[in-house]
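So you can see what is in the structure, the chains are spelled out below.
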Amino acid sequence: MKNLIIILFAALIPLHSFAQNNPKNEKEDSAMKPSKNDDGEWDLIVIDTQFDYFMNAIARPMNQYTEVNLKSRNTILVNEWNSYFM
């Protein structure tokens, strides 16, 4: 029985590593395009598995953030980004 399993895996591993026969069409654009709705506001589609958890457990209402808090957090994030990419 062990030999049968080993032979089965040995036969399937090379088949798994072959390249695809039909490559993707390079002209297809999978990027999300922003669009405005009838009211002139932007539609936002969030594709994140943890978004509901974040909204229920971590995020606070907008009125709990002060302008000073938001500006200081933005400064920290910009400086962190610059240190990584500049």
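Residues numbered from 1 in each chain as written. Predicted model: local features only at pLDDT ≥ 70, side-chain atom pairs only at ≥ 80, totals over all residues. Heavy atoms only, no water.

Enquirer: Describe in detail the overall build of the chain, supporting the description with residues and values.
Expert: For the chain, the count of helices and strands is three helices and zero strands. Going residue by residue from the N terminus, the α and β elements of the chain occur as α-α-α. Evaluated residue by residue, the chain yields a buried proportion of 0% over its 86 residues. Split by element, the accessible area of the chain, about 9,200 Å² in all, is 59% carbon and sulfur. (Helix = DSSP H or I, 4+ residues; strand = E, 2+ residues; numbered from the N terminus. Buried < 20%, exposed > 50% of the residue type's maximum accessible area, 1.4 Å probe, protein only. Areas by Shrake-Rupley, 256 points an atom, 1.4 Å probe, with all protein chains shown as cover.)

Enquirer: Hey, could you go over the environment of T66 for me, with residue numbers and the actual values?
Expert: Position of T66 relative to the elements: it lies in the loop between α2 (51-58) and α3 (67-85). Relative accessible area serves as the criterion here: at 46%, T66 is assigned to the partly exposed category. Within the local environment of T66, its side chain forms a polar contact with the backbone nitrogen of N69, the two atoms lying 3.1 Å apart. (Polar contact = N/O pair within 3.5 Å; in protein donor to acceptor, adjacent residues only side chain to side chain.)

Enquirer: Residue-level account of the pattern of salt bridges, with values.
Expert: Enumeration over the complete set of coordinates arrives at one salt bridge. Between K71 and E67 there is a salt bridge whose closest N-O contact spans 3.1 Å. Pair noted here: K71 and E67 are both in helix α3, with a separation of four residues, about one helical turn. For K71, a relative accessible area of 51% corresponds to the exposed category. Its relative accessible area of 56% is what places E67 among the exposed residues. (Salt bridge = Lys/Arg side-chain N within 4 Å of Asp/Glu carboxyl O.)

Enquirer: Hey, could you go over a nonpolar patch on the surface for me, with residue numbers and the actual values?
Expert: Where nonpolar side chains cluster on the molecular surface, the patch consists of M1, L4, I5, F9 and I13 and spans about 600 Å² of accessible area. Relative to the helices and strands, I13 is located in helix α1 (residues 2-16). By relative accessible area, which is 57% here, I13 ends up exposed. (Patch = residues over 30% accessible without salt bridge, like charges linked within 9 Å, V, L, I, M, F, W, Y side chains within 5 Å.)

Enquirer: Tell me about a negative patch on the surface, and please be specific about residues and values.
Expert: On the surface, D38, D39, E41 and D43 cluster together to form a negatively charged patch. Within the secondary structure layout, D43 lies in the loop between α1 and α2. For D43, a relative accessible area of 43% gives the class partly exposed. (Lys, Arg positive; Asp, Glu negative; His and termini not counted. Charge placed at Lys NZ, Arg CZ, Asp CG, Glu CD.)

Enquirer: Describe in detail the confidence of the model for the chain, supporting the description with residues and values.
Expert: Residues at a pLDDT of 70 or more form 77% of the chain, whose mean pLDDT is 77. The element-level mean pLDDT for the chain is lowest in α1, coming to 77, with α3 highest at 89. (pLDDT = per-residue confidence, 0-100.)

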